[in-house]
Amino acid sequence: MAKQEFSKILVPVDGSEGSMQAANLAIGVAARYGAKIIAIHVINVNQYLQTLGFYSISYPDTITKMVNDAKQEASKWFTEIQRNAEQAKVEVSTDVIDTPLSVVGGIVNYAERENVDLIVIGTRGRSGFTKLLLGSVASGVVAYAPCPVMVAR
């Protein structure tokens, strides 16, 4: 069997302890393989719209503010990831995606579009009841990803 090579590793983060542990694991894997990391945060705008009672393609000002707040919050996580990656001499790029798709759909589409070789994801994010399970986002990514997925505990 051929040895797996990784050059581009995607790590979705939501600020949870699990996602930050996944980012650290991704940094270790990237350092070992000489790979680049792409850290992303996915915002499901339909979820925000439905919370407010909107079902529209255009973003009301409230949604724009929520998306901007989420991007600002994500920048703190990205800074921590970049600091850790710099110590390991690993290149990191970051991206915040606002999508009408589910978070799973946003991650999977991004992985396909960017031709990533590996997704490293935490088992549990910020969602409520799914903390008891593998995590609905993690299990969805495992099911639909176009590449191998490493689930960090």
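It should be emphasised that the depicted structure is a prediction, and the values quoted were computed from it without experimental measurement.

A.B. asks: Would you take a moment to explain the overall build of the protein chain for this structure?
C.D. replies: Scanning the protein chain for helices and strands turns up five helices and five strands. Within the protein chain, the proportion of its 153 residues that are buried is 42%. Counting only carbon and sulfur atoms, one obtains 50% of the accessible surface of the protein chain, whose full area is about 8,500 Å².

A.B. asks: I tried to follow the pairing of strand 1 (residues 8-12) on my own but got confused; where do I start?
C.D. replies: In summary, the side chains of a regular strand alternate between the two faces of the sheet. Burial analysis of strand 1 places four of its five residues in the buried class, which makes it a mostly covered element. With five bridges joining them, strand 1 and strand 2 (residues 36-44) adopt parallel strand pairing. Bridge assignment links leucine 10 to a residue of strand 2, and that residue is isoleucine 38. At this point the chain moves from strand 1, through helix 1 (residues 17-33), to the parallel strand 2, and the crossover so formed is right-handed. Note that strand 1 and strand 4 (residues 118-122) share two bridges and pair parallel.

A.B. asks: Please clarify how the packing of helix 1 against helix 3 (residues 61-87) should be interpreted in this entry.
C.D. replies: Helix packing for two helices is described by the angle between their axes and how far apart those axes are. Where helix 1 meets helix 3, the closest approach of the two axes is 10 Å, and the angle between their N-to-C directions is 25°. Looking at the two axes, helix 1 sits roughly parallel to helix 3. As helix 1 packs across helix 3, the resulting crossing turns out to be right-handed. Contacts between helix 1 and helix 3 involve Met20, Ala23, Asn24 and Ile27 on the former and, on the latter, Trp77, Glu80, Ile81, Asn84 and Ala85. In the contact of helix 1 with helix 3, the residues fall into six nonpolar, two polar and one charged.

A.B. asks: How should I be thinking about the nonpolar core in this particular structure?
C.D. replies: Soluble globular proteins tend to pack their nonpolar side chains together in the buried interior. One finds Ile9, Val11, Val13, Ile37 and Ile81 to be the most contacted residues of the largest nonpolar core, which totals 30 residues. The element that contributes the greatest number of residues to this core is helix 3, accounting for eight residues. Residues within four places of isoleucine 9 in sequence aside, it is in contact with Ala26, Val29, Ala30, Ala35, Lys36, Ile37, Ile38, Leu118 and Val120. Val42, Ile107, Ala138 and Val141 belong to the second-largest nonpolar core, a separate cluster that totals 17 residues.

A.B. asks: Sorry if this is basic, but what is going on with the side chain of histidine 41 here?
C.D. replies: In this fold, histidine 41 is placed in strand 2. Ignoring any residue separated from it by four or fewer positions in sequence, one finds histidine 41 in contact with Val13, Asp14, Ala70, Ala74, Trp77, Phe78, Asp95, Val96 and Ile97.

A.B. asks: Mind showing me how you'd approach the environment of isoleucine 63 here?
C.D. replies: Summarising the element assignment, isoleucine 63 is placed in helix 3. Sequence separation of isoleucine 63 and asparagine 46 is 17 residues, and the distance between their C-alpha atoms is 9.5 Å.

A.B. asks: I keep staring at the packing of helix 4 (residues 103-114) against helix 5 (residues 136-144) and nothing clicks. Help me out?
C.D. replies: Two numbers describe how helix 4 lies on helix 5: the axes approach to 9 Å, and their chain directions differ by 40°. Our classification of the angle between helix 4 and helix 5 gives oblique. Considering only the axes of helix 4 and helix 5, their crossing is right-handed. On helix 5, the residues that touch Val103, Val104, Ile107 and Val108 of helix 4 are Ser136, Val137, Gly140, Val141 and Tyr144. For the contact of helix 4 with helix 5, a count of residues per class yields seven nonpolar, two polar and no charged.

Cut-offs applied
Residues numbered from 1 in each chain as written. Predicted model: local features only at pLDDT ≥ 70, side-chain atom pairs only at ≥ 80, totals over all residues. Heavy atoms only, no water. Helix = DSSP H or I, 4+ residues; strand = E, 2+ residues; numbered from the N terminus. Buried < 20%, exposed > 50% of the residue type's maximum accessible area, 1.4 Å probe, protein only. Areas by Shrake-Rupley, 256 points an atom, 1.4 Å probe, with all protein chains shown as cover. Pairing = 2+ DSSP bridges. Right-handed = clockwise from strand over helix to strand, strands pointing away. Axes fitted to C-alpha atoms, helices over the stretch in contact; angles between N-to-C directions. Parallel < 35°, antiparallel > 145°, perpendicular 65-115°, else oblique. Left-handed = near helix turned anticlockwise from the far one by under 90°. Contact = heavy atoms within 4.5 Å. Nonpolar A, V, L, I, M, F, W, Y, C, P; charged D, E, K, R; others polar. Core = buried A, V, L, I, M, F, W, Y, C linked by side-chain atoms within 4.5 Å.

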